[in-house]
Amino acid sequence: MMTTFKSRWTAQRRSLLGACLAHALHDGYTDGLYAFLPVWQAQFGLSYAALAVVRALYYGTMGGLQIPADRALLGWSPRAALVLSTLLAAAGLLIMALPLGFAGLCIGLVVAGMGSSIQHPRGSMLVADTYGKASRRALGTYNFAGDIGKATLPALVALLLPVLAWRPVLALMALPGIALAAALPMLTPATSGAALAGKAGAAEHGVRHGRGGFRILMTIGALDTATRMGYLLFLPFLIHDKGGGSPTVGIALALLFIGGAFGKASCGWLGEQLGVVGCVMATEAATALLIVATLSTALAPTLCLLPLLGIVLNGTSSVLYGTVPELSDGDTGRAFAVFYTSVIGAGGIAPIVYGMVADHSNKTVGVLTSAATAFLIVPLALMLRAHLRQPAINQRSTPS
């Protein structure tokens, strides 16, 4: 029995490590591409609108192919799908690095976006299947790993671009993807004992509760992302209005993101203590109140509030991702694909909507609208309670 326990624990840790490495790499690729936008604008003579279209080639492909990619790879193991996704992302970067002109850049962005569209649902599925009912905290760790990639790879790109031409930098970025794709088959177990049990349990639960709970969860996830993206749109302008310059804006964003990374790592645990509904209500109410507080405080107090705001602004997502398997109706991979599509879509549309609100009023109203969006989640969280299997406090992350 001890040997079985040890082997299962090892399999869980290996699966989580493989999924986290893939998530960190792909999210690092996603945010690292932002550093190239000014270079591409100068290289190819692009307008800002054209540059936005170029960015959308990657971001739109990644978001739009979540569900089709999951359906196409239905018979693949999560490990094999992660290997494919990482190879595609690295291949896309290599295509961009080749001297193929603007067409090669566009093709490479689409190929890399295809790879990243596979990673999110399949990486989440690997963690959920391996940990079964105790997956909420593990999914929070997986979610946090993406922030590590966002913090490290773009910074590395920013350091390399002044030294090297942009094509060699892209080629160097592809190398860790190739290395990870080669390592994943050895690092990550192909299957786990919890996988079939987890799917069977989810299927049974889905028959009992139906899809209403998942639709509510998906709506909460979209609104939570909309709140975050809306506030980020206005934050630089708030800092400028309080007398801060561009360096202060950078510090403000860093403080918010540091808090966000801590929130993603800690809110999975908080969800176990308060339950999903209690945690979501607490973090969203705190988000709305802290957003309003940053409107009415001077620069120094605002900077002090931003790490706290980051914790609740980003942390809720870990609890939401961790609840997807419970409401997935037995098809965890498709549920994650649908959920990520909703979240990514909200992230793309929300800044446009909030920007229109601000254009027709002012940015203060735009910020208050993002705070109101967070408050709107509170009654939705109450509606979710009836669809949950049991309080999250009973779902410990220790293997049994």
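Residues numbered from 1 in each chain as written. Predicted model: local features only at pLDDT ≥ 70, side-chain atom pairs only at ≥ 80, totals over all residues. Heavy atoms only, no water.

## Observations regarding the overall build of the protein
1) Next: Each helix and strand in the protein was counted, giving 15 helices and 0 strands.
2) Next: A buried classification covers 52% of the 400 residues belonging to the protein.
3) Next: Put simply, of all contacts in the protein between residues at least 6 apart along the chain, 84% involve residues at least 24 apart.
4) Next: Accessible area of the protein: about 16400 Å², with a carbon and sulfur share of 72%. (Helix = DSSP H or I, 4+ residues; strand = E, 2+ residues; numbered from the N terminus. Buried < 20%, exposed > 50% of the residue type's maximum accessible area, 1.4 Å probe, protein only. Contact = heavy atoms within 4.5 Å. Areas by Shrake-Rupley, 256 points an atom, 1.4 Å probe, with all protein chains shown as cover.)

## So, the pattern of salt bridges
When their charged atoms lie close together, side chains carrying opposite charge are able to pair.
1) Next: Under the defined criterion, the tally for this structure stands at 2 salt bridges.
2) Next: Its salt-bridge partner being Asp224, residue Arg228 comes within 3.2 Å of it at the nearest N-O pair. Of this pair, Arg228 and Asp224 both sit in helix 10 (residues 212-241), 4 residues apart, roughly one helical turn. As far as the burial class goes, Arg228 and Asp224 line up, both buried.
3) Next: The salt bridge involving Lys363 is made with Asp241; its shortest N-O contact spans 2.9 Å. One end of the pair, Lys363, is in helix 15 (residues 363-384); the other, Asp241, is in helix 10, with 122 residues separating them in the sequence.
4) Next: Of the residues examined, Lys363 reaches a relative accessible area of 30% and is grouped as partly exposed. (Salt bridge = Lys/Arg side-chain N within 4 Å of Asp/Glu carboxyl O.)

## What to know about the environment of Ala265
1) Next: Within the secondary structure, Ala265 sits in helix 11 (residues 246-274).
2) Next: In this structure the C-alpha to C-alpha distance between Ala265 and Ile311, which are 46 residues apart in sequence, comes to 9.3 Å.

## A closer look at helix 14 (residues 332-359)
1) Next: Taking 1.5 Å as the rise per residue, helix 14 with 28 residues should run 40 Å; its terminal C-alpha atoms sit 41 Å apart, in good agreement.
2) Next: The axis of helix 14 is deflected most strongly, by about 30°, at Ile349, and proline Pro351 appears within four residues downstream. (Expected span 1.5 Å × (residues − 1). Bend = angle between axes of the 7 residues up to and from the residue.)

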